[in-house]
Every structure is written in C-alpha cells, then in structure tokens.
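Listed below, chain by chain, are the residues.
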Amino acid sequence: MASIQETQYGELACLEITLGEAKLLMARQGAQVLSYSRGEEPPIIWLSPTAQGRAGRSVRGGIPVCWPWFGIFERNPKQIQGQYLGTDAPQHGLVRGVEWHLEGIEDSDAGVTLGFTAPPLSADWPAAALELRVRLDDRLHIELRSENRGAQPLYLSQALHSYYQVGDIRQARVEGLDGCHYLNTVASWDEQHRQSGQLTFNAETDRIYRDPPERLSIVDPVLARRILLTSAGAGSAVLWNPWVDKAARLSDFPADGWQQMLCIETANVLERRLALAPGRSHSLRLAIEVQPLAVISR
Ligand code: TA6
C-alpha cells in the first residue's frame, strides 16, 4: 500500500505519494506531476531548482498537461483555432494553471492510481471532458483521456510535456527515432527532415517528430541509466532542450539547468491533431521505466 500525504509546493496544494522506493509529487493545479524519483537515484522527472509554485502558473518541470492545444495557439491547425472564442490564448492551452478535481485513489499492494478531472472549460471552448489517470507501480503510468461532449466534431492538439533529468545533455542520446520525419522548429516550421540514427545534443533543440515508435529511450551514460518511454495514442513526439541562450531567457530556469534536462513530449500536434466525433474519446498513454545501463567492461 502507498503512503499519500497532503503537502504544499509554494502556493500549490500537492500530494506526495510514496510506494516502496518510489516517490511522486503531484500538484492539484494542472494535475501536474512535479517530480518522480526511485530510491537514492537522481530524480527521473526534472523539476527546475528555481521553479515556483504559483497559483495560475505552470510549474517549470515535471509533466505539464498541454490541452486543448499545444504550443503557440497561432501555430495550431485552423480547425483548432476556429473552435476557440476567447481572446487570450496562452501557450500550451487552458488547463495547466487551473485546479483539477481529485476523483479518487485506488491503492493496492501492486500499485496506486490517482484519477483527476479537469474543471469544465469556459464557454469559449466546445463541450469536452478531460481526465488524467496516474498510476505508480514499478513504473509511472499516465493516461490523458479526452472526450467530445458536444454535438460537433472536436479538434484538439495535446502533449504530456515531460521534463526528464539527465546527468549531462551533451553526453545523452535518444534511441528509437531513426527514420522518423521531423520539423526543426528552431530553424523552420516548413522544412521536413528525416532522423538518421540516434539523436544527440549540441545546440538548442526543438523538434516535432511525426509518427514516433511506441518505445523511445533516453540513454544516459553519466547517470548510467536508460529511461524507457512506452507510449500509445501519440502521433507526435516533441524533443526540446533550450541550451544556453534560450535557458537564460526562460522563467524559473537556472542558467545551467539546460545541462540536466531533456523534454520528450508525448503528443498529438500539427497534422497529427485529434478529430473526435460527438461522444467519442481518445486516450494518450505513457509509461516511464528506468533501467540500469549495462556497464561495458573494458
Ligand atoms: O515543447 C517545446 C516548447 O514549445 C518550447 O518551444 C518552449 O516554449 C517550451 O515548450 C516551454 O514552454 P513553456 O510555456 O512551458 O515555457
């Protein structure tokens, strides 16, 4: 059975869930995972050392939920833009900074599951329901379920904007994207590229991969571990590291923070946006597992 404690992170009401050697910190605001660690190992999910827990603002790090659009609103497909009647369209959608409702907790020896529902969105967006289920066992499982509660087709883009901790981004690599098409949005939103081999990092990286495989890995020789990501329902993967210059411009982000983090965002964006018929739903799923890297004997 898990231990579940109410706690605070700055202004935010949080839950600290401990199950064996695993520890998870979640904010009710945004149903945002803030941190996730196992035993004495460095955290798996990165939380900025200068992050603030402020009401109404997403915390820098963890797993923010981007919904019902990803990224800059004006970069989204016209069907999505046309659905929103509001005047303020914040980056990454409308649900990161609002209080979600904890529907229930299922706890057993095998693991613990928490279910959250987002508050009804304003009349500026079509009728929809959004749920997040987080399960902690020997892995961390996340499911984001969107349902069209209206009478018209519902278009949306979304991401689990996960910040992973690495020992040194300059020595880390991502396996699994070989052959995938991607946009390098740092340079252009129009030019398609194709990934060749593993992805390594030596500059600001902000890429949208199309049709990624269900399994991706972050190989981290510094921390001697592999973070294995298994997803379902994701038509996109966004890989982001701000590097030196952008890190200096970001809120709640220390100057050298770029060295220890990498975002791999499990997503459906751009031409992989969702189109839900009335009454239909979609689940975006992610499982996060850590494995020791086999030390290659010299
Ligand atoms: O997912 C990558 C990205 O869109 C980056 O371009 C950067 O803006 C990042 O998200 C962080 O966005 P945020 O609004 O959380 O500062």
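Keep in mind that what you see is a predicted model, and the values were worked out from it rather than measured.

Undergrad: Lay out the site of the ligand in plain terms, naming residues and giving numbers.
TA: Lining the immediate surroundings of the ligand are Arg60, Phe70, Gln91, His92, Arg96, His161, Tyr163, Asp206, Val238, Trp240, Lys246 and Glu265. Histidine 161 is positioned with one of its side-chain polar atoms (N or O) 3.1 Å from an oxygen atom of the ligand. In the model, an oxygen atom of the ligand is placed 2.6 Å from a nitrogen or oxygen of the aspartate 206 side chain. Alone, the ligand offers 390 Å² of accessible surface; in the complex the protein occludes 83% of this. The residue inventory of the shell around the ligand, partitioned by class, reads 4 nonpolar, 3 polar and 5 charged.

Undergrad: Summarise the sheet that holds strand E4 (residues 32–38); cite the residues concerned and give the values.
TA: Overall, antiparallel pairing links the 4 strands, which are arranged E1-E2-E3-E4 in an open sheet. Sheet topology places strand E1 (3–9) and E4 at the edges, where each strand pairs with a single neighbour. The mean angle between the axes of side-by-side strands here comes to 20 degrees, regardless of whether they run parallel or antiparallel. Inspection of the sheet shows strand E2 (residues 12–19) paired to strand E3 (residues 22–27) by 6 bridges, in the antiparallel sense. Its bridge partner being in E3, glutamate 16 is matched across the sheet by leucine 25.

Undergrad: Give a description of the packing of aromatic side chains that names residues and reports values.
TA: By the definition in use, this model includes 9 aromatic pairs. Both rings, one in tryptophan 243 and one in tryptophan 258, keep their centres 4.5 Å apart while their planes meet at 40 degrees; by these two values the pair is tilted. With tryptophan 243 in helix H2 (residues 243–249) and tryptophan 258 in the loop between H2 and strand E21 (261–268), this pair connects stretches of sequence that are 15 residues apart. Here a set of aromatic residues connected by ring pairs shows up, and it is made of Trp46, Tyr163, Trp240 and Phe253.

Undergrad: Break down the nonpolar core for me, with residues and values.
TA: In terms of nonpolar packing, the biggest core is built from 73 residues, with Trp100, Leu132 and Ile288 touching the most fellow members. Those residues in contact with isoleucine 288 that sit more than four places away from it in its chain are Tyr36, Ile44, Ile45, Ile63, Arg139, Leu140, Tyr164, Ile227, Leu228 and Leu229. Listed in part, the 9 residues of the second largest apolar core include Phe70, Val238, Ala267 and Leu270.

Undergrad: For the sheet that holds strand E23 (residues 281–292), give the residues involved together with the corresponding values.
TA: Reading across the sheet, the 9 strands line up as E6-E7-E8-E9-E23-E19-E18-E13-E16 and stay open at both edges, with antiparallel pairing between neighbours. Bordering the open sheet on either side are strand E6 (101–108) and strand E16 (199–200), each of which pairs with just one other strand. The pairing of strand E7 (residues 111–117) with strand E8 (residues 128–136) spans 6 bridges and is classified as antiparallel. Note on E8: the bridge partner recorded for threonine 113 is arginine 135.

What counts and what doesn't
Residues numbered from 1 in each chain as written. Predicted model: local features only at pLDDT ≥ 70, side-chain atom pairs only at ≥ 80, totals over all residues. Heavy atoms only, no water. Near = heavy atom within 4 Å. Polar contact = N/O pair within 3.5 Å; in protein donor to acceptor, adjacent residues only side chain to side chain. Areas by Shrake-Rupley, 256 points an atom, 1.4 Å probe, with all protein chains shown as cover. Nonpolar A, V, L, I, M, F, W, Y, C, P; charged D, E, K, R; others polar. Pairing = 2+ DSSP bridges. Helix = DSSP H or I, 4+ residues; strand = E, 2+ residues; numbered from the N terminus. Axes fitted to C-alpha atoms, helices over the stretch in contact; angles between N-to-C directions. Phe/Tyr/Trp six-rings, centres within 6.5 Å; stacked < 30°, edge-to-face > 60°. Core = buried A, V, L, I, M, F, W, Y, C linked by side-chain atoms within 4.5 Å. Buried < 20%, exposed > 50% of the residue type's maximum accessible area, 1.4 Å probe, protein only. Contact = heavy atoms within 4.5 Å.

These figures capture arrangement, not role.
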